[in-house]
Amino acid sequence: MKIHVLADIHTHCIASGHGTQDTITVMAREAAGRSLRVLGLSDHGPATPGAADSSYFRNLRLAERERFGVSLLYGAELNILNENGDVDLEDSLISSLDYAFISIHPPTFHAGTVDYNTNACIQAMKHPGVRFLGHPDDGRFPVDYERLLSAARDNHVYPEINNMSLMPDAYRTDGRRNSMRILSLCKKMRLPVLLSSDSHGKDHIGDMKYILPLLMECDFPQQLIINSDLALLYRIL
């Protein structure tokens, strides 16, 4: 299977903190060098320690839309805060962005039961502008995948397969097993998935090398890979 990765829209620049020093300009230049056509910046919401506050996201409407021949999208990776699905940006601001991920992270979310974690994700899908479910593979926050992905399909929200979760030194747990479960269910449901580098800084932009063997192993349909079809990506956004 030859996967053409045309877009990477889960990346983080200096605004996310985490020691990442690369600016949007540096990120865009790197994306161009890796032959990507679309780069999305989805920096962490303000509940993440060290991340930018809401004014950063408010000002993204003024940011350039193309650099070095790469089209730029501006989103956010929102923190799910509780079982009610509350997130760390107001709905009006989320709506002004190109898209949003919803993700569970420590220390902004305290793991509960499978039902608690699943309910939190499903409720968070209802915020306007939420299009993607960030790294739902993390075994530290177990969920009911059948219920979660059925709700995602009903809410037009799409799960990601996260390259960082599959790295040998990944801090998330059970990434491979859970990603295979997600791919199997999405194949059955005909639910498209987003491949993501989750690159913090420029070094891993467009890097999907740990994802590709999983796609081959489960014979995942290319037409359900959002990154390979920019028309599909823009319809989703």
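The coordinates are above.
Residues numbered from 1 in each chain as written. Predicted model: local features only at pLDDT ≥ 70, side-chain atom pairs only at ≥ 80, totals over all residues. Heavy atoms only, no water.

Caption draft 1: Up close: helix H5 (residues 145-154). What H5 keeps buried is the set Tyr-145, Leu-148, Leu-149, Ala-151 and Ala-152. For H5, the buried positions fall inside an angular range of 155° around the axis, keeping them on one side. Buried residues along H5 sit in contact with helix H4 (114-124), strand E6 (130-133), strand E7 (158-162) and helix H6 (175-189). Near the N-terminus of H5, the side chain that reaches the backbone nitrogen of Glu-146, with its oxygen 3.2 Å away, is that of Asp-144. Positive phi appears at His-156, one or two residues downstream of H5, with a value of about 55°. (Buried < 20%, exposed > 50% of the residue type's maximum accessible area, 1.4 Å probe, protein only. Helix = DSSP H or I, 4+ residues; strand = E, 2+ residues; numbered from the N terminus. Arc of directions from axis to C-beta. Contact = heavy atoms within 4.5 Å. Polar contact = N/O pair within 3.5 Å; in protein donor to acceptor, adjacent residues only side chain to side chain.)

Caption draft 2: Quick peek at the packing of aromatic side chains. Per the stated rule, a full pass over the model turns up six aromatic pairs. Seen in terms of ring centroids, Tyr-56 and Phe-57 are 5.0 Å apart; in terms of plane orientation they differ by 80°. Their pairing is edge-to-face. Ring plane angle 70° and centroid distance 6.0 Å describe the contact between Phe-109 and Phe-141, whose orientation is recorded as edge-to-face. You can see Phe-109 sitting in the loop between strand E5 (99-103) and H4 and its partner Phe-141 sitting in the loop between E6 and H5, a full 32 residues away along the chain. Residue classification places Phe-141 among the buried residues on the basis of a relative accessible area of 8%. Cluster of aromatic residues (ring-pair linked, three or more members): Tyr-99, Phe-101 and Phe-132. (Phe/Tyr/Trp six-rings, centres within 6.5 Å; stacked < 30°, edge-to-face > 60°.)

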